[in-house]
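Below, each chain spelled out in residue letters.
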Amino acid sequence: MLTVKGLSVSYDGIKALNDVSIGVAPGEIVTLIGANGAGKSTLLRAIVGLVPKAGGTIKLYEKDLQQLKTPEIIKQGISLVPETKDIFLSLTVKDNLKLGLFFNDNKAYHKDAYEGVFSLFPRLKEKEKQISGTLSGGQQQMLAIGRALMQKPKYLLLDEPSLGLSPKLTNELLEKISAINKEGTAILLVEQRAKLALKVASRGYVLGIGTIVRQGSSKELLQDELVKKIYFGA
Ligand code: ATP
């Protein structure tokens, strides 16, 4: 279980998150929805140790992640795909994937990792020698996710993966997210497109400005008056 309890994060004395608590059980898809600047990215970045030391606790089972540096957190089985994707555009597809193995020195495992990613994303296999900057936006998003999967994480944190994708590509992406989950990876999905996110997730949290304002099953949130008003214009 990944648990965040009473998390507060400040940037230069200004609070971005205030007393936020969420949990993701193994094998779940949970979504975190919220408007621009609500603090969604900050929460994901805090889990992998990329924001200034915060108040509250972040634990994977009994392990206190706040005591660890980012590489160690990744080794515990948590991978983040940032909103910016952070693909190296001048490298080939295969070399970008290879970077996902940076923290794994078990060579026997490497071949298996490529096969896993290529079976999920056959287009990446077709384009493995291609320079990543020549891929379409959708393919670059798949590459960013593929790279995160090279570690075979127990938890995959996705920051607005549908950003900039067409409706068709977004649907494809959601199918991939379900497929990754069916292989046993738990997913924390940050999205502004609330309806889509609630379609694929079983539960969700709504982040107001820095605090959780709603939580519940996807079904409950889809019918919630506040969620309907803010996100669906109802
Ligand atoms: P978006 O959907 O626009 O990405 P978000 O919900 O992910 O928004 P965050 O990016 O976490 O929100 O930002 C939360 C707040 O913290 C915002 O007010 C933002 O300006 C501020 N913030 C984020 N990163 C930093 C930083 N490195 N330094 C200072 N302030 C920051």
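All values reported here derive from a predicted model rather than from experimental measurement.

**Details of the overall build of the protein chain**
A tally of regular secondary structure across the protein chain gives 10 helices and 10 strands. The C-alpha atoms of the protein chain give 17 Å as radius of gyration, which agrees with the globular expectation for 234 residues (17 Å, within 12%). For the protein chain, buried positions account for 50% of its 234 residues. Look at the contacts in the protein chain between residues 6 or more apart in sequence, and 67% of them connect residues 24 or more apart. Carbon and sulfur atoms make up 54% of the accessible area of the protein chain, which totals about 11,400 Å².

**Digging into the site of the ligand**
Near the ligand lie 13 residues; those nearest to it are G37, G39, K40, S41 and T42. Within the side chain of K40, a nitrogen or oxygen atom sits 2.8 Å from an oxygen atom of the ligand. Here the ligand, which alone exposes 630 Å², has 57% of that area covered by the protein. It is helix 1 (residues 40–47) that provides the largest number of residues to the shell around the ligand, a total of 3 residues.

**Points about the environment of G6**
Checked against the element boundaries, G6 lands in strand 1 (residues 2–11). With relative accessibility at 22%, the residue G6 sits in the partly exposed group. Residues G6 and K85 lie 79 residues apart in sequence; the distance between their C-alpha atoms is 28 Å.

**Let's talk about the pattern of salt bridges**
What the rule picks out here adds up to 9 salt bridges. In this structure, K94 and E128 form a salt bridge, with 3.8 Å as the shortest nitrogen-oxygen distance. In this pair, K94 is assigned in helix 3 (residues 93–99) and E128 in the loop between helix 5 (122–126) and helix 6 (137–149), connecting sequence segments 34 residues apart. K94 sits in the partly exposed class, given a relative accessible area of 33%.

**Observations concerning helix 6**
With 13 residues, helix 6 extends 18 Å from end C-alpha to end C-alpha; this agrees with the ideal 18 Å at 1.5 Å per step. Helix 6 sits mainly inside the fold: 12 of its 13 residues count as buried. Within the span of helix 6, buried status applies to G138, Q139, Q140, Q141, M142, L143, A144, I145, G146, R147, A148 and L149. In the core, the buried residues of helix 6 are packed alongside strand 6 (78–81), helix 3, helix 4 (107–120), helix 5, strand 7 (155–159) and helix 7 (167–182).

Conventions we followed
- Residues numbered from 1 in each chain as written.
- Predicted model: local features only at pLDDT ≥ 70, side-chain atom pairs only at ≥ 80, totals over all residues.
- Heavy atoms only, no water.
- Helix = DSSP H or I, 4+ residues; strand = E, 2+ residues; numbered from the N terminus.
- Rg over C-alpha atoms; globule rule 2.2 N^0.38 Å.
- Buried < 20%, exposed > 50% of the residue type's maximum accessible area, 1.4 Å probe, protein only.
- Contact = heavy atoms within 4.5 Å.
- Areas by Shrake-Rupley, 256 points an atom, 1.4 Å probe, with all protein chains shown as cover.
- Near = heavy atom within 4 Å.
- Polar contact = N/O pair within 3.5 Å; in protein donor to acceptor, adjacent residues only side chain to side chain.
- Salt bridge = Lys/Arg side-chain N within 4 Å of Asp/Glu carboxyl O.
- Expected span 1.5 Å × (residues − 1).

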